[in-house]
Amino acid sequence: MSIPENIGLIMKKLEANNMKPYYCKTREDALELLKTLIPEGATVTHGGSVTISEIGADKLISNGSYNYLDRSKCETREDQQKLYRDSFFADVFLTSSNALTENGELYNVDGNANRISAIAFGPKSVIAVVGVNKIVKDLDAAITRVKTIAAPKNTVRLGLDTYCAKKGQCASLSMACPKMSDGCHSPQRICCSYLVSGQQREKDRIKVVIVNEELGY
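Residues numbered from 1 in each chain as written. Predicted model: local features only at pLDDT ≥ 70, side-chain atom pairs only at ≥ 80, totals over all residues. Heavy atoms only, no water.

Our next topic: the packing of aromatic side chains. Throughout the structure, instances matching the rule amount to zero aromatic pairs. The ring of Y22 is capped by K20, whose NZ or CZ atom sits 6.0 Å from the centre of that ring. (Phe/Tyr/Trp six-rings, centres within 6.5 Å; stacked < 30°, edge-to-face > 60°. Lys NZ or Arg CZ within 6 Å of the ring centre and 35° of its normal.)

Structure follows, in structure tokens:
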């Protein structure tokens, strides 16, 4: 399979950072790849992710072949918190990423921090499926991407009352020199905790599937 030059370079950077890279041309290819990366019977869960839904991974892991920790089944806040904690003992955690830099870094921002916590530590294997729309030059561009694209679109999707949901960009962008964690003070703010995944100690625990399509926010 021919891999675009820019993606091939990012894959080399990911390998240097001890993350296992994969390339898929389409979302269908990505779903087929996941079938080979997730053993039958494995305990699997995922963070809140449009990408995971768009490729059909949530349907795959709910087909009865896996022990699926399904966040949509949580009826109370207590149920949700328990599932988040149980996720640390999962065999596989599926996610996307808010941005992937050309230097082979994953950048993620969370409201509850359950997703970035699982990416950082806990599940035996983390699989991040990333569309080409999330590739950025560097961490500064990743921060800007969240403030102008990922956060506004996700707050609208979730029906939250935040500045970015109404204005289409982070409140911090009205400041002269906005910093990574600057933003609104809404109780529904989703940009609360931040994670940069650079070089990993545990080789290939994090797997990054780059899909040559636009996926998620």
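The subject of this paragraph is a nonpolar patch on the surface. Together, F88, F89 and F121 line one region of the surface with nonpolar side chains, adding up to about 400 Å² of accessible area. Looking at the secondary structure, you find F121 in the loop between α6 (114–120) and β7 (125–131). (Patch = residues over 30% accessible without salt bridge, like charges linked within 9 Å, V, L, I, M, F, W, Y side chains within 5 Å. Areas by Shrake-Rupley, 256 points an atom, 1.4 Å probe, with all protein chains shown as cover. Salt bridge = Lys/Arg side-chain N within 4 Å of Asp/Glu carboxyl O. Helix = DSSP H or I, 4+ residues; strand = E, 2+ residues; numbered from the N terminus.)

Here we come to the layout of surface pockets. Approximately 660 Å³ is the volume found for the largest pocket. Taken together, 33 residues make up the lining of the largest pocket; nearest its centre are G48, D110, N154, R157 and L158. Within the residue set of the lining of the largest pocket, elements represented by two or more residues are α3 (50–54), β6 (106–110), α6 and α7 (139–158). Ranked by the residues each element gives to the lining of the largest pocket, the list is headed by α7, at six residues. Class assignment of the residues belonging to the lining of the largest pocket gives a composition of 12 nonpolar, 15 polar and six charged. (1 Å grid on protein atoms, 1.4 Å probe; cavity = no way out; pocket = protein on both sides within 12 Å on 5 of 7 lines; lining within 4 Å. Points joined across faces, edges and corners; volume = space filled by probe spheres on them. Nonpolar A, V, L, I, M, F, W, Y, C, P; charged D, E, K, R; others polar.)

Moving on, we get to the sheet that holds strand β8 (residues 135–136). Strand order in the open sheet formed by four strands is β8-β5-β6-β9, with mixed pairing between adjacent strands. Each edge of the open sheet carries a strand with a single partner, namely β8 and β9 (193–197). Lying over the sheet, α7 contacts β5 (99–101), β6, β8 and β9, oriented at roughly 35 degrees with respect to β6. (Pairing = 2+ DSSP bridges. Contact = heavy atoms within 4.5 Å. Axes fitted to C-alpha atoms, helices over the stretch in contact; angles between N-to-C directions.)

Our next topic: the side chain of K147. Tracing the sequence through the fold places K147 in helix α7. For the buried residue K147, which engages in no salt bridge, the nearest side chain bearing the opposite charge is D182, 6.2 Å off. Within the local environment of K147, its side chain forms a polar contact with the backbone oxygen of D182, the two atoms lying 2.8 Å apart. The residues contacting K147, other than those within four sequence positions of it, are P152, Q169, C170, S172, L173, K179, M180 and D182. (Buried < 20%, exposed > 50% of the residue type's maximum accessible area, 1.4 Å probe, protein only. Lys, Arg positive; Asp, Glu negative; His and termini not counted. Polar contact = N/O pair within 3.5 Å; in protein donor to acceptor, adjacent residues only side chain to side chain.)

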